[in-house]
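Descriptive analysis of the structure
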Amino acid sequence: MNILKSSELINKTEYQKIYYHLNFDNILKSIFSGINQYRFFDIKFYDEQYITFKPKNDYFHLYNIAKLSSLLSEDSRPILMIMNEPKTFNIKHKKKILCYLHMDWILALYSLKEEDLNNNELIQYLQFETGDTDIVKKIRHINGTSEVRSNIYTMNKDSVIVNIRDSSQSKNISKLTKKNYNLILKNPLISLMEISKGFDNHKLTEFLQVMNGFSKKVLSVQKVTEEMRFNLKIRKIKRTNKKGMYIVNQNTILLDPRYVDSFSHELGHWYHTWFHKEIKTEKEAENFAIQFEDII
């Protein structure tokens, strides 16, 4: 489950690299030059402020989407389907426009970075779609060769912070819908929640409902004291390939916003830390977390 807006799948630095290496500047100029077709889309200007893209949904378009979908992870496939939906944008929202028109490129690049840099089928897809036989060198420039460290113990100034113990310490809650804010407050296990910028409120609702369901199951079988209530931080995990982690000495669950369905696994680690202290080895802990959904 991914709670990010599609335009937030790449950070500012990655976007700038893509913009440069994949020639987005010239693509933008072409789109706004008055052409009525680009890639899989028909283009129409409603007025001086708005532009509409309508997928052609012809054989070539649908075949490409189906082919790429088979090469991507299950979490990425629903995001790819955005390219099958007509969209209208304000012409000022150039990043959103470019991401929408090239979501297949972005997801392919992301998959190469996160899963398999040497996936020849994805590389061939990008070579064909970009018309650039030298795309491999550009991919390496875009994805980089070193990992960027992220401080998981601090909170970003742009994040939403909901401090259940002290509401005066909450920040940026206006970014949440009223429904999502109330869902967070109703959770019986968390004491503080941080959500990094770029999330989609509709997707977040779905996650919060699932999270609260798991939390209520825990409460039905165990008494949870104030001391046990944990912090939950949803932010990209950059220095490892993990989708989530439980940090014992901080009593904090950390989830990558692209993989928030790992919550139940990390909740399992929190659970055995407090209620099954006989678990000592890493292997025992991991087996318990894997089976946690069935346990409760």
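Everything numeric in this text was worked out from a predicted model, so none of it was measured.

Within the chain one finds 13 helices and nine strands. Dimensions of the chain, computed from the C-alpha atoms along their principal axes, are close to 65 × 40 × 35 Å. Counting every position in the chain, which comprises 296 residues, the buried fraction comes to 48%. Looking at the chain alone, contacts between residues at least 24 apart form 61% of all its contacts between residues at least 6 apart. For the chain, the accessible area works out to roughly 16,000 Å², and carbon and sulfur atoms hold 49% of it.

Within the open sheet, the four strands sit side by side as β1-β2-β3-β4. Their pairing is antiparallel. Looking along the sheet, the strands with just one partner apiece sit at the ends: β1 (37–38) and β4 (87–90). In terms of strand pairing, strand β2 (residues 41–45) meets strand β3 (residues 50–55) through five bridges, oriented antiparallel. The residue of β3 that forms the bridge with Ile43 is Phe53.

Time to look at the environment of Phe53. Its location among the elements puts Phe53 in strand β3. Among the residues examined, Phe53 registers a relative accessible area of 0% and is labelled buried. Sequence spacing of Phe53 and Lys5 is 48 residues, and the spatial spacing of their C-alpha atoms is 18 Å.

On to the confidence of the model for the chain, then. Do not read the predicted coordinates in detail wherever pLDDT is low. For the chain, the mean per-residue pLDDT works out to 88, and 92% of the residues sit at or above 70. Confidence, read as mean pLDDT per element, is least for helix α8 (residues 135–143) in the chain (80) and greatest for helix α9 (residues 178–186) (97). pLDDT under 50 marks residues 145–150. Its contacts with residues more than four places away, or in other chains, come to ten contacts.

Next up on the list: a nonpolar patch on the surface. Together, Tyr59, Phe60, Tyr63 and Phe128 make up a nonpolar patch on the protein surface, roughly 540 Å² of accessible area in all. Broken down by element, the residue count for the nonpolar patch peaks at three residues, all from helix α3 (residues 59–71). The class for Phe128 is exposed, based on a relative accessible area of 58%.

Now for helix α1 (residues 12–21). Burial in α1 covers these residues: Glu14, Tyr15, Ile18 and His21. Looking straight down α1, one finds its buried side chains confined to an arc of 140°; they lie on one side. Opposite the buried face of α1, by more than 90 degrees, sit the exposed residues Lys12 and Tyr20. Two residues or fewer after α1 comes Asn23, characterised by a positive phi angle close to 65°.

To continue, consider the environment of Lys157. Residue position: Lys157 is located in the loop between α8 and β5 (160–163). Owing to a relative accessible area of 75%, Lys157 belongs among the exposed residues under this scheme.

Turning our eyes to something else, we now look at empty space enclosed by the protein. A full pass over the atoms with the stated rule returns two cavities of 30 Å³ or more. In this structure, the second largest cavity encloses a volume near 90 Å³. If you trace the second largest cavity, you find ten residues lining it, with Asn2, Ser76, Ile79, Tyr110 and Arg258 closest to the centre. Of the residues belonging to the lining of the second largest cavity, the class tally is five nonpolar, three polar and two charged.

Moving on to the pattern of salt bridges. Pairing between side chains becomes possible if they bear opposite charge and their charged atoms approach one another. Under the definition given, this model contains eleven salt bridges. Of the charged contacts in the structure, one is a salt bridge between Glu226 and Arg165, with a shortest N-O distance of 2.9 Å. Taken together, the positions of Glu226 in the loop between α10 (201–221) and β7 (230–234) and Arg165 in the loop between β5 and α9 put the pair 61 residues apart, joining distant regions of the chain.

Turning our attention to the pairing of strand β8 (residues 244–247). Neither face of β8 is exposed, since Gly244 and Tyr246 on one face and Met245 and Ile247 on the opposite face are all buried. When β8 meets strand β9 (residues 252–255), the two strands line up antiparallel, connected through four bridges. Within β9, the position partnered with Gly244 by the bridge is Leu255. Linkage of β8 to β9, two consecutive antiparallel strands, is achieved through a turn of four residues, within which Asn251 is found at a positive phi near 45°.

Here is what the cut-offs are and how they apply
- Residues numbered from 1 in each chain as written.
- Predicted model: local features only at pLDDT ≥ 70, side-chain atom pairs only at ≥ 80, totals over all residues.
- Heavy atoms only, no water.
- Helix = DSSP H or I, 4+ residues; strand = E, 2+ residues; numbered from the N terminus.
- Buried < 20%, exposed > 50% of the residue type's maximum accessible area, 1.4 Å probe, protein only.
- Contact = heavy atoms within 4.5 Å.
- Areas by Shrake-Rupley, 256 points an atom, 1.4 Å probe, with all protein chains shown as cover.
- Pairing = 2+ DSSP bridges.
- pLDDT = per-residue confidence, 0-100.
- Patch = residues over 30% accessible without salt bridge, like charges linked within 9 Å, V, L, I, M, F, W, Y side chains within 5 Å.
- Salt bridge = Lys/Arg side-chain N within 4 Å of Asp/Glu carboxyl O.
- Arc of directions from axis to C-beta.
- 1 Å grid on protein atoms, 1.4 Å probe; cavity = no way out; pocket = protein on both sides within 12 Å on 5 of 7 lines; lining within 4 Å.
- Points joined across faces, edges and corners; volume = space filled by probe spheres on them.
- Nonpolar A, V, L, I, M, F, W, Y, C, P; charged D, E, K, R; others polar.

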